[in-house]
Amino acid sequence: MNANVATLKLNPDDLKKLVREVADFPKPGINFYDITTLLKDKEGLRGVVDALREHYKSADVDIVLGIEARGFIFAPVLAYALNAGFVPVRKPKKLPAPCERVEYALEYGTDILEIHKDAIEPGQNVLIVDDVLATGGTAAAVTRLVEKLQGTIVGLGFVLELGFLKGRDNLKGYDVYSLIEY
């Protein structure tokens, strides 16, 4: 599988061909969209980064923030392409310096994300990047972290969006951009 995405100018159907769909993972009835097949395709990976860069190139991005864990794949590369810095948002107790934290609801329970308190300066333009927009709960929690640190959110970029889960509904008022929608 080696669609030349650069030549195809990121036709979403061509990108979808680079994503492996795994039925019944992690449990029966769930379809998992595996991006490792997209990542190993040099044109596909370049196409994703180029498309995100193109969408946000005029946003004057200071920081590209990546959400643990797969956001770490795309955010640093995109930060480089936008001439911006990279900041990780991590699960609890993974960052060494003082952190700001946010607790957010999951389907069954809660989770916590953290960011260094000095990761974003007031007024800096922040782009939030992750691999998948599902329910939008994690991304919405990260917007709260950025706002606690007085950053300005210029957008949220995703490779895949599971539109049937209506994650955009939790991100109203922001520029939400995804390349592939299921």
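As the structure is a computational prediction, the values presented were derived from the model and not from experiment. (Residues numbered from 1 in each chain as written. Predicted model: local features only at pLDDT ≥ 70, side-chain atom pairs only at ≥ 80, totals over all residues. Heavy atoms only, no water.)

**As for the overall build of the chain**
The helix and strand tally for the chain stands at six helices and nine strands. At 16 Å, the chain has a C-alpha radius of gyration in line with the 16 Å of a compact globule built from 182 residues. In terms of overall dimensions, the chain has C-alpha extents of about 45 × 40 × 30 Å along its principal axes. Classification of the 182 residues of the chain by burial places 46% in the buried group. Across the chain, contacts joining residues at least 24 apart in sequence account for 57% of those joining residues at least 6 apart. As displayed, the chain offers around 9600 Å² of accessible surface, 50% of which is attributable to carbon and sulfur atoms. Distance between charge centres in the chain, computed from 22 positive and 26 negative side chains, equals 3 Å. (Helix = DSSP H or I, 4+ residues; strand = E, 2+ residues; numbered from the N terminus. Rg over C-alpha atoms; globule rule 2.2 N^0.38 Å. Buried < 20%, exposed > 50% of the residue type's maximum accessible area, 1.4 Å probe, protein only. Contact = heavy atoms within 4.5 Å. Areas by Shrake-Rupley, 256 points an atom, 1.4 Å probe, with all protein chains shown as cover. Lys, Arg positive; Asp, Glu negative; His and termini not counted. Charge placed at Lys NZ, Arg CZ, Asp CG, Glu CD.)

**Points about the layout of surface pockets**
Put simply, the largest pocket is a space of about 1300 Å³. In terms of lining residues, the largest pocket is bounded by 38 residues, among which Arg70, Val132, Ala134, Thr135 and Leu162 are the most central. Residue composition of the lining of the largest pocket, by class: 22 nonpolar, seven polar and nine charged. (1 Å grid on protein atoms, 1.4 Å probe; cavity = no way out; pocket = protein on both sides within 12 Å on 5 of 7 lines; lining within 4 Å. Points joined across faces, edges and corners; volume = space filled by probe spheres on them. Nonpolar A, V, L, I, M, F, W, Y, C, P; charged D, E, K, R; others polar.)

**What about the environment of Ile128?**
Among the structural elements, Ile128 can be located in strand E7 (residues 125-133). Expressed as a C-alpha distance, the spacing of Ile128 and Arg168, which sit 40 residues apart in the sequence, is 14 Å. Setting aside residues no more than four positions away along its own chain, Ile128 makes contact with Leu65, Ile67, Val142, Thr143, Val146, Ile153, Gly155, Leu156 and Gly157.

**Some points on the sheet that holds strand E8 (residues 152-161)**
Here five strands make up an open sheet; going across it, the order is E4-E3-E7-E8-E9 and the pairing parallel. Each edge of the sheet is formed by a strand with only one pairing partner; in this case those strands are strand E4 (85-89) and strand E9 (176-181). Between one strand axis and the next, the sheet turns through 20 degrees on average, direction left out of account. Bridge analysis of E7 against E8 gives eight bridges, and the strand direction is parallel. Its bridge partner lying in E8, Asn125 is registered against Thr152. (Pairing = 2+ DSSP bridges. Axes fitted to C-alpha atoms, helices over the stretch in contact; angles between N-to-C directions.)

**A few points about unusual backbone geometry**
Residue Pro26 follows Phe25 across a cis peptide bond; omega there is 5 degrees. With respect to the helices, strands and loops of the structure, Pro26 is situated in the loop between strand E1 (20-23) and strand E2 (31-34). Cis geometry marks the peptide bond from Glu68 to Ala69; its omega dihedral reads 0 degrees. Of note, Ala69 is situated in the loop between strand E3 (63-67) and helix H5 (71-81). Even without being a glycine, Asp24 presents a positive backbone phi close to 60 degrees. Mapped onto the elements of the fold, Asp24 is located in the loop between E1 and E2.

**Considering the pattern of salt bridges**
Following the criterion strictly, the structure yields nine salt bridges and no others. We note a salt bridge from Lys17 to Asp14, for which the minimum N-O separation is 3.7 Å. (Salt bridge = Lys/Arg side-chain N within 4 Å of Asp/Glu carboxyl O.)

**Focus on H5**
All buried positions along H5 are accounted for by Gly71, Phe74, Ala75, Leu78 and Ala79. Buried residues in H5, looked at end-on, bunch into an arc of 130 degrees, giving them a common side. Along its buried surface, H5 packs onto helix H3 (36-39), helix H4 (42-56), E3, E4, E7 and E8. Two residues or fewer past H5, Asn83 is found with a positive phi of approximately 55 degrees. (Arc of directions from axis to C-beta.)

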